[in-house]
Amino acid sequence: MHGSWGELMVDPVSAGVIVAAHGFWKVLDWAGKFVTHNVGVYGASEAGKTTMDQQLMTEGYVAPLGENERTHHKKKWLSKHYQMPPTEPKRIKSEGISKTLVSNDIGGHTQYMPMWIQDMYKRRVQTLVIIIDHRHLVDRNNTDNQLAVGYIVDYLINRNKPKGIGLFARFRSRNWQPKRILILANKADLWLDEDGYSQWERGLISEHQIFEPFKESLHQLHKLHIPVKVDAMSASVGWNVDDALMRGFNDL
Ligand SMILES: Nc1nc2c(ncn2[C@@H]2O[C@H](COP(=O)(O)OP(=O)(O)OP(=O)(O)O)[C@@H](O)[C@H]2O)c(=O)[nH]1
Ligand SMILES: [Mg+2]
């Protein structure tokens, strides 16, 4: 009896050899491509969400999007809610590793802000990506970016559940919170100067003044134990888009 059991047992040493021979890490990396990550991309209108979406779908230079190309949504038939855009998978690649993200492209006008919350609770997104730009550096009175970040942070802090996602989705999301938040300062081609670039190179971009108005929100998120990373990118030029996202997920 004992003998037959012994034969069936896999000797851990030879199993290790087989696995190593098959390039265990290669297999893991390859398998990782099929694991998808739910990402919610939100931010003020004109921050560059659609541009980033297009950059991720087809790498390279994204032609400027005109005023008539801002993202809008239609209301559902006989409903006060807007129709949610479909989600699409995107592949990101950095330093030889690739990952698949699933996200959609919701507009940033204030009437669509409740949709961000509906989307993030409904899909229980693992990663929140908030896109900002440099408009508060150009005009100190412009608080579009602060409003967008504050709106999301308030929801997370107060744990208010969004309306219009259905009872089941509300129940499913009762203990949900994102695992990480990434604040990406877009349009770096317009605001990142030489000093800023060397700051970025030294890994100190979080100290750049573009992130200054968000310090308070970052502290609040810290209390919720949600790690927040910040980075710079240029979605239209395609600078640091995949890399910033990948670095943001490197705890995955
Ligand atoms: N210079 C520069 N312009 C950019 C960049 N990314 C986006 N833009 C421009 O900023 C404008 C707004 O970009 P969109 O991608 O439409 O912004 P959005 O966040 O989708 O806006 P909504 O759909 O209204 O929410 C467009 O004219 C883009 O061409 C960038 O990295 N650099
Ligand atoms: Mg858009």
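Above this text you will find the structure in question.
First, a word on what this report is: a plain description of the structure on this page. As a convention, each chain's residues are numbered from 1 in the sequence order in which they are written. Chains carry letters from A onward and ligands carry numbers from 1 onward, assigned in written order. Local features in this predicted model are restricted to residues of pLDDT 70 or higher, and side-chain atom pairs are both shown and tallied only at a pLDDT of 80 or more, whereas totals for entire chains, interfaces and linings draw on every residue.

**A word on the overall build of the protein chain**
Right, so step 1: Scanning the protein chain from terminus to terminus reveals 12 helices and six strands.
Right, so step 2: Exposure criterion: with C-beta atoms placed from backbone coordinates, a residue whose C-beta has 20 or more other C-beta atoms within 10 Å is buried, one with 12 or fewer is exposed, and one in between is partly exposed. Put simply, the protein chain has 252 residues, and 31% of those count as buried.
Right, so step 3: Once C-beta atoms have been placed from the backbone, residue pairs whose C-beta atoms lie within 7 Å are recorded as contacts. The long-range fraction of contacts in the protein chain, counting pairs at least 24 apart against all pairs at least 6 apart in sequence, stands at 74%. Only DSSP runs of H or I covering at least 4 residues are called helices, and only runs of E covering at least 2 are called strands; the numbering of each starts at the N terminus.

**A few points about the site of ligand 1**
Right, so step 1: Placing a C-beta atom from the backbone of each residue, we mark the residue near a molecule or strand if the atom is within 6 Å of it. The immediate surroundings of ligand 1 are formed by 24 residues, with Ser45, Gly48, Thr50, Thr71 and Gly108 found nearest.
Right, so step 2: Mapped by element, the contributors of at least two residues to the shell around ligand 1 are helix H4 (49-57) and helix H9 (188-191).
Right, so step 3: Among the elements that make up the shell around ligand 1, the one with the highest residue count is H4 (three residues).
Right, so step 4: When residue character is reported, Ala, Val, Leu, Ile, Met, Phe, Trp, Tyr, Cys and Pro are called nonpolar, Asp, Glu, Lys and Arg charged, and the others, Gly included, polar. Looking at the shell around ligand 1 residue by residue, the class counts come to six nonpolar, 12 polar and six charged.

**Some remarks on the sheet that holds strand S5 (residues 180-185)**
Right, so step 1: The strand order across the open sheet built from six strands is S2-S3-S1-S4-S5-S6, with neighbouring strands paired in mixed fashion. Strand pairing shows two members of the sheet lacking a second neighbour, strand S2 (88-94) and strand S6 (228-232), which therefore form its edges. Each neighbouring strand pair of the sheet contributes to a mean axis angle of 30 degrees, computed without reference to strand direction. The criterion for strand pairing is that DSSP finds at least two bridges linking the strands in question. In this analysis, axes come from line fits to C-alpha atoms, helices being fitted only over the stretch in contact, and the angle between any two N-to-C directions falls in the range 0 to 180 degrees.

**So, H4**
Because the α-helix completes a turn every 3.6 residues, residues three or four places apart line up on one side.
Right, so step 1: For H4, every residue scored as buried is listed here: Lys49, Thr50, Thr51, Met52, Gln55 and Leu56.
Right, so step 2: In this fold, the buried residues of H4 make contact with strand S1 (36-43), S2, strand S4 (127-132) and helix H12 (241-248).

**What about the pairing of S2?**
The two faces of a sheet get side chains in turn, since along a regular strand they alternate between them.
Right, so step 1: Relative to strand S3 (residues 97-103), S2 runs antiparallel, the two being bridged by seven bridges. Following the sheet pairing, Ser94 is matched in S3 by Ile97.
Right, so step 2: Here S2 hands over to S3 after two residues, with Glu95 in that stretch at a positive phi of 50 degrees.

**Considering unusual backbone geometry**
Right, so step 1: The residue Arg124 is not glycine, and still its phi comes out positive at about 40 degrees.
Right, so step 2: Tracing the backbone shows Arg124 in the loop between helix H5 (113-122) and S4.
Right, so step 3: Using a count of 15 C-beta atoms within 10 Å as the deciding quantity, one classes Arg124 as partly exposed.
Right, so step 4: Residues other than glycine seldom take positive phi values, yet His225 does so here, at roughly 60 degrees.
Right, so step 5: Assignment of secondary structure puts His225 in the loop between helix H11 (215-223) and S6.
Right, so step 6: By the C-beta count within 10 Å, which is 7 here, His225 ends up exposed.

**Here's the deal with the packing of helix H7 (residues 144-158) against H11**
Right, so step 1: Where H7 contacts H11, the two axes come as close as 10 Å, and the packing angle between them is 20 degrees. With respect to H11, the element H7 is oriented roughly parallel. Judged by the sense of rotation from one axis to the other, the crossing of H7 with H11 is left-handed. Taken together, the residues of H11 that come into contact with H7 (itself represented by Val149, Gly150, Val153 and Ile157) are Ser217, Gln220 and Leu221.
Right, so step 2: Residues of the contact of H7 with H11, tallied by class, amount to four nonpolar, three polar and no charged. Angles are sorted into four bins: roughly parallel if under 35 degrees, roughly antiparallel if over 145, roughly perpendicular if 65 to 115, and oblique for all others. Left-handed describes a crossing in which the near helix is turned anticlockwise from the far one by less than a right angle; the clockwise case is right-handed.

**Concerning the nonpolar core**
Right, so step 1: We define a nonpolar core as a collection of buried residues of the types Ala, Val, Leu, Ile, Met, Phe, Trp, Tyr and Cys that are connected via C-beta atoms lying within 7 Å of each other. Within the largest apolar cluster, 47 residues are counted, with the highest numbers of intra-cluster contacts made by Val129, Ile130, Ile131, Ile183 and Leu184.
Right, so step 2: Contributing elements (two or more residues each) for this core: S1, H4, H5, S4, H7, S5, S6 and H12.

**Describing the environment of Asp105**
Right, so step 1: By secondary structure assignment, the location of Asp105 is in the loop between S3 and H5.
Right, so step 2: Residue class for Asp105 comes out partly exposed when judged on the 16 C-beta atoms lying within 10 Å of it.
Right, so step 3: Separated by 21 residues in sequence, Asp105 and Met84 place their C-alpha atoms 9.1 Å apart.
Right, so step 4: Filtering out sequence-adjacent residues up to four positions away, Asp105 remains in contact with Lys49, Thr50, Asp53, Thr71 and Pro85.

**Regarding the pairing of S4**
Right, so step 1: The element S4 is largely enclosed, with a buried count of six among its six residues.
Right, so step 2: A two-sided burial pattern is seen for S4, the buried positions comprising Thr127, Val129 and Ile131 on one face and Leu128, Ile130 and Ile132 on the other.
Right, so step 3: For S1 and S4, the ladder comprises five bridges, and the chain directions are parallel. Directly across from Val39, in S4, lies its bridge partner Thr127.
Right, so step 4: In the sheet, S4 pairs with S5 via six bridges, with the strands oriented parallel. Among the inter-strand pairings, Val129 is bridged to a residue of S5, identified as Leu182.

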